[in-house]
Amino acid sequence: MASLQLATRARQAAYTNPVPTLYRAIVKELPRVLTIYDIDLPVPEARAGIRSLFEQNARIKDDRVLDMLVEKGYMELEETLLHYKQKPHLMRIFEGFKQYNTGADRKKLGMDSTIEEQFARA
């Protein structure tokens, strides 16, 4: 099986600052990922989505947790490049977790609702 083995390579690499190395690896592969998954999103906007994920974990100081997150990041990158994910999985990363209204959350329309109310129903 031909796999990229990014996580294995990351585990074996002896480097002092693994988080920026992971970030650079992801940003380097970002145009390829956008092309593979046919995502119509500018690279700077996608990079901002990736950066926000890194900023969420910026306060973590425990080395064991950092190593686990870096390992997980490399595994996610490898799975993405091997096309194990689907487009909605990546759109959730790039655009954030959006809450879409379900049927129970929608505005209820009465029998006398106008066409504008029906059209604007969210």
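Residues numbered from 1 in each chain as written. Predicted model: local features only at pLDDT ≥ 70, side-chain atom pairs only at ≥ 80, totals over all residues. Heavy atoms only, no water.

K.L.:
Looking at this structure, how should I read the overall build of the protein chain?
P.N.:
Helices and strands together make up the secondary structure of the protein chain, namely six helices and zero strands. Along the chain direction, N to C, the helices and strands of the protein chain fall in the order α-α-α-α-α-α. In the protein chain, buried positions account for 25% of the 122 residues. (Helix = DSSP H or I, 4+ residues; strand = E, 2+ residues; numbered from the N terminus. Buried < 20%, exposed > 50% of the residue type's maximum accessible area, 1.4 Å probe, protein only.)

K.L.:
Help me out: how do you make sense of the pattern of salt bridges in this one?
P.N.:
In this structure the tally under the stated criterion is four salt bridges. A salt bridge links R32 to E29; the nearest nitrogen and oxygen atoms lie 3.3 Å apart. On the criterion of helical spacing, the pair formed by R32 and E29 is a turn pair, its members being three residues apart in helix 2 (residues 18-36). Take R32: its relative accessible area is 41%, and that puts it in the partly exposed class. For K85, the salt bridge identified is with E76, shortest N-O distance 2.3 Å. Look at K85 and you get buried, because its relative accessible area is 13%. (Salt bridge = Lys/Arg side-chain N within 4 Å of Asp/Glu carboxyl O.)

K.L.:
Where do I start with unusual backbone geometry in this structure?
P.N.:
Outside of glycine, negative phi angles account for most residues, and trans bonds account for most peptide bonds. A positive phi is found at D38, a non-glycine position, where the angle reads about 55°. Inspection of the secondary structure assignment puts D38 in the loop between helix 2 and helix 3 (43-56).

K.L.:
I keep staring at the nonpolar core and nothing clicks. Help me out?
P.N.:
A general trend in soluble globular proteins is that nonpolar side chains are found buried together. Membership of the largest hydrophobic core comes to 19 residues, with the highest contact counts inside it found for I39, A46, I50, L90 and F94. Listing elements by their share of this core, those giving two or more residues are helix 2, helix 3, helix 4 (63-81) and helix 5 (87-95). Sorting elements by how many residues they give to this core places helix 2 first, with seven residues. With residues near it in sequence (within four places) discarded, I50 still touches Y23, I26, L30, I93 and F94. (Core = buried A, V, L, I, M, F, W, Y, C linked by side-chain atoms within 4.5 Å. Contact = heavy atoms within 4.5 Å.)

K.L.:
Looking at this structure, I do not really get the confidence of the model for the protein chain. What am I missing?
P.N.:
Any region with low pLDDT has predicted coordinates that should not be read closely. Mean pLDDT over the protein chain: 82, with 77% of residues reaching 70 or higher. In the model of the protein chain, helix 1 (residues 6-12) stands out as the element of lowest mean pLDDT, 65, in contrast to helix 2, which has the highest, 93. (pLDDT = per-residue confidence, 0-100.)

K.L.:
Help me understand the packing of aromatic side chains, please; the structure alone is not making it clear to me.
P.N.:
Describing an aromatic ring pair means giving the distance of the ring centres and the angle of the ring planes. All told, the structure shown has one aromatic pair when counted by the stated rule. Geometrically, the ring pair formed by Y23 and F54 is edge-to-face, given 5.2 Å between the ring centres and 85° between the ring planes. In this pair, Y23 is assigned in helix 2 and F54 in helix 3, connecting sequence segments 31 residues apart. You can call Y23 buried: its relative accessible area is 18%. (Phe/Tyr/Trp six-rings, centres within 6.5 Å; stacked < 30°, edge-to-face > 60°.)

K.L.:
For this particular structure, what's the right way to read the environment of L66?
P.N.:
Of note, L66 is situated in helix 4. Here the alpha-carbon distance between L66 and P18, two residues 48 residues apart in the chain, equals 8.6 Å. Once residues within four sequence positions are removed from consideration, L66 is found in contact with V19, I60 and K61.

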